[in-house]
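Topology and contacts: notes
Residue strings, one per chain:
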Amino acid sequence: MVTRRIGYAPGVYDMFHIGHLNILKHAASQCDYLIAGVVSDEMAFLAKGRNPVIPLSERIEIVASIDYVDEAIAETEPHKIDTWRNVGFDAIFKGDDWRGTPKGLELEREFAAVGVEVVYFPYTLDTSSTLLRAALEMSVSSRHPSTKI
């Protein structure tokens, strides 16, 4: 019997950049079928206190078009374990900025209990959506002081 390893790579994937591509590329190399969970606008707001710049429908379309991704879905559950119950996967992939943090340790505990491996990949320090957003806000505010991104 041939078993296939299903991987899950959640992320907001806002202002898609090389760090996102690296996570998806590394994740695809670790599984036979890769599902990218694109965090909904509501879940992103709950987690980060702000809405993504790019709307969910467009972020899903962008992520789904990446060759490394077999399927892109909207992630609408606040807890990854609930997503696992609905989707089913053998490994979850996260940036190593989660490693050793309270939320990363909780993720590891929850998934260890159901036999799902948590795999960390190097976080791209030079580029992040947060840095891009900050640069964009500075650029816009210097031209239009009352505009917020």
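Just so we're clear, the structure is a prediction, and the values are computed from it rather than from any experiment.

The N-to-C vectors of helix α4 (residues 80-87) and helix α5 (residues 102-112) enclose an angle of 35°; their axes lie 10 Å apart at closest approach. Between α4 and α5 lies a crossing whose hand is right-handed. Touching Lys-80, Ile-81 and Trp-84 of α4 are Leu-107, Glu-110 and Phe-111, all from α5. A breakdown of the residues in the contact of α4 with α5 according to their chemical character gives four nonpolar, no polar and two charged.

The next point concerns the nonpolar core. Grouped together as the largest cluster of nonpolar side chains are 18 residues, with contacts concentrated most on Ala-9, Leu-24, Leu-34, Val-63, Val-69 and Phe-93. Counting only elements with at least two residues in this core, the list comes to α1 (18-29), β2 (33-39), α3 (56-64), β4 (91-95) and β5 (117-121). Leave out the neighbours within four places in its chain, and Leu-24 touches Ala-9, Tyr-13, Phe-16, Leu-34, Ala-36, Val-63, Ile-66, Tyr-68 and Val-69. Ile-35, Trp-98, Val-118 and Tyr-120 belong to the second largest nonpolar core, which has 13 residues in total.

The next subject is the pattern of salt bridges. As enumerated under the stated definition, the model contains five salt bridges in all. Residues Lys-80 and Glu-75 are paired through a salt bridge, measuring 2.6 Å at the closest nitrogen-oxygen approach. With respect to class, Lys-80 is no different from Glu-75; both count as buried. Ionic pairing is found between Arg-109 and Glu-106, a salt bridge with its closest N-O pair at 2.9 Å. Here Arg-109 pairs with Glu-106, and both are found in helix α5, just three residues apart, close to one helical turn. With a relative accessible area of 52%, Arg-109 lands in the exposed category. Taking the relative accessible area as the measure of exposure, Glu-106 reaches 34% and is therefore partly exposed.

Taken across its five residues, β5 has four buried, putting it largely inside the fold. Pairing of β4 with β5 involves five bridges; the strand directions are parallel. Each residue of the ladder has a partner; that of Gly-95, found in β5, is Phe-121. A crossover links β4 with its parallel partner β5, the connecting element being α5, and its sense is right-handed.

Conventions adopted
- Residues numbered from 1 in each chain as written.
- Predicted model: local features only at pLDDT ≥ 70, side-chain atom pairs only at ≥ 80, totals over all residues.
- Heavy atoms only, no water.
- Axes fitted to C-alpha atoms, helices over the stretch in contact; angles between N-to-C directions.
- Helix = DSSP H or I, 4+ residues; strand = E, 2+ residues; numbered from the N terminus.
- Left-handed = near helix turned anticlockwise from the far one by under 90°.
- Contact = heavy atoms within 4.5 Å.
- Nonpolar A, V, L, I, M, F, W, Y, C, P; charged D, E, K, R; others polar.
- Core = buried A, V, L, I, M, F, W, Y, C linked by side-chain atoms within 4.5 Å.
- Buried < 20%, exposed > 50% of the residue type's maximum accessible area, 1.4 Å probe, protein only.
- Salt bridge = Lys/Arg side-chain N within 4 Å of Asp/Glu carboxyl O.
- Pairing = 2+ DSSP bridges.
- Right-handed = clockwise from strand over helix to strand, strands pointing away.

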